[in-house]
Amino acid sequence: MRDLLPPEVAVAVAGPHDWNGQLLAAELACLSERAVESRRRDFTAGRVCARRAMATLGLPPAPVPSADDRAPVWPAGVVGTITHTRGYCAAAAARSTAVRSVGMDAEQHRPLNPGVRRMICLPEEEERLAALPAGISWAAVLFSAKETVYKVWHPVVGTWLDFADALVALDPDAGTFTARIAPARVDAAPVDAPPRTVSGRFVVADGLVRTAAVLPQP
Ligand SMILES: CC(C)(COP(=O)(O)OP(=O)(O)OC[C@H]1O[C@@H](n2cnc3c(N)ncnc32)[C@H](O)[C@@H]1OP(=O)(O)O)[C@@H](O)C(=O)NCCC(=O)NCCS
């Protein structure tokens, strides 16, 4: 993930001990008592990585609880993002004076099942994917890019985005993507200067798809 984000964003990737690390009280309170072991481990690794990323920025340890809609609540003046998938977890944080929003997503690199794929990919995107080189599940990359777009969009705008609300173009040579947000969503956004596009980077390696993007300050 480090290579996918600019230097003003601090990134921490979970090591073997982080999945059993320490949660702060405000974070523990967000974990349901019924949470299964894998959820506890993912949540814990995310919070340990979040604190490590904030420490890299010179910030003191602070809790990152979850809002009712599950979005992470970063300390004032900080923007950040968390992702986990089987065997991998990472968090990124930046000062809000440096970037407006940051998002990242990790997924297993495998073909999307056809039903999911129909939900994720617009016809225009399918046409473009068909022209890309074989050997990579480009639909999985597109899926991850859209999750990253949502993680960048939601903390800034506060509204929902459907998978059909972002038209994503991948550049396989540059390892970049650009998402154009549906004009109706942009026009309805209850904030000043909502993003019309989100540009990010991706990498496919070690059995994972990783995507990340930042939104610059307007
Ligand atoms: C929220 C969502 C993007 C998370 O992605 P995921 O692949 O399921 O899971 P990941 O492990 O990568 O990310 C989970 C983390 O996302 C973060 N997250 C959850 N809701 C979020 C939100 N609204 N905004 C930003 N981050 C959010 C949380 O930190 C969560 O981890 P935690 O519960 O341990 O704190 C996904 O579940 C979702 O709701 N997608 C539908 C919306 C969407 O993607 N639309 C596409 C628009 S183009």
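Calculation notes
Residues numbered from 1 in each chain as written. Predicted model: local features only at pLDDT ≥ 70, side-chain atom pairs only at ≥ 80, totals over all residues. Heavy atoms only, no water. Domains from an automatic or database assignment. Buried area = accessible area lost by both parts, 1.4 Å probe. Polar contact = N/O pair within 3.5 Å; in protein donor to acceptor, adjacent residues only side chain to side chain. Helix = DSSP H or I, 4+ residues; strand = E, 2+ residues; numbered from the N terminus. Nonpolar A, V, L, I, M, F, W, Y, C, P; charged D, E, K, R; others polar. Near = heavy atom within 4 Å. Areas by Shrake-Rupley, 256 points an atom, 1.4 Å probe, with all protein chains shown as cover. 1 Å grid on protein atoms, 1.4 Å probe; cavity = no way out; pocket = protein on both sides within 12 Å on 5 of 7 lines; lining within 4 Å. Sits in = over half its atoms within 2 Å of the grid points.

Let's talk about the domain arrangement of the protein
For interface size, the figure often reported is the accessible area lost on association.
Here comes step 1: Taken domain by domain, the protein comprises domain 1 (2-99) and domain 2 (104-215).
Here comes step 2: Taking only C-alpha atoms into account, the centre of domain 1 sits 22 Å from that of domain 2.
Here comes step 3: With both chains or domains summed, domain 1 and domain 2 bury close to 1,300 Å², and 64% of this area falls on carbon and sulfur atoms.
Here comes step 4: Between the two partners, domain 1 and domain 2, sit 5 residue pairs in polar contact (both at pLDDT 80 or more).
Here comes step 5: Those elements giving two or more residues to the side of domain 1 that touches domain 2 turn out to be strand E2 (78-85) and strand E3 (88-95).
Here comes step 6: Taken together, the residues of the side of domain 1 that touches domain 2 break down into 11 nonpolar, 4 polar and 3 charged.

Here we look at the site of the ligand
Here comes step 1: Among the 21 residues in the neighbourhood of the ligand, the closest are listed as Arg39, Arg47, Thr83, His84 and Glu147.
Here comes step 2: Between the ligand and the protein, one listed contact pairs an oxygen atom with a side-chain N or O atom of Lys151 at 2.8 Å.
Here comes step 3: The side chain of His154 places a nitrogen or oxygen atom 3.0 Å from a nitrogen atom of the ligand.
Here comes step 4: In the complex, 88% of the free accessible area of the ligand, which totals 920 Å², lies under the protein chains.
Here comes step 5: One can see that the ligand is located within the largest pocket.
Here comes step 6: Looking at the shell around the ligand, the elements that each hand over two or more residues are helix H2 (37-56), E2, strand E4 (101-108) and helix H5 (138-157).
Here comes step 7: Ranked by residue count, the leading element in the shell around the ligand is H5, at 5 residues.
Here comes step 8: Counting contributing residues per domain, the shell around the ligand is built from domain 1 (2-99) and domain 2 (104-215), each supplying no fewer than three.

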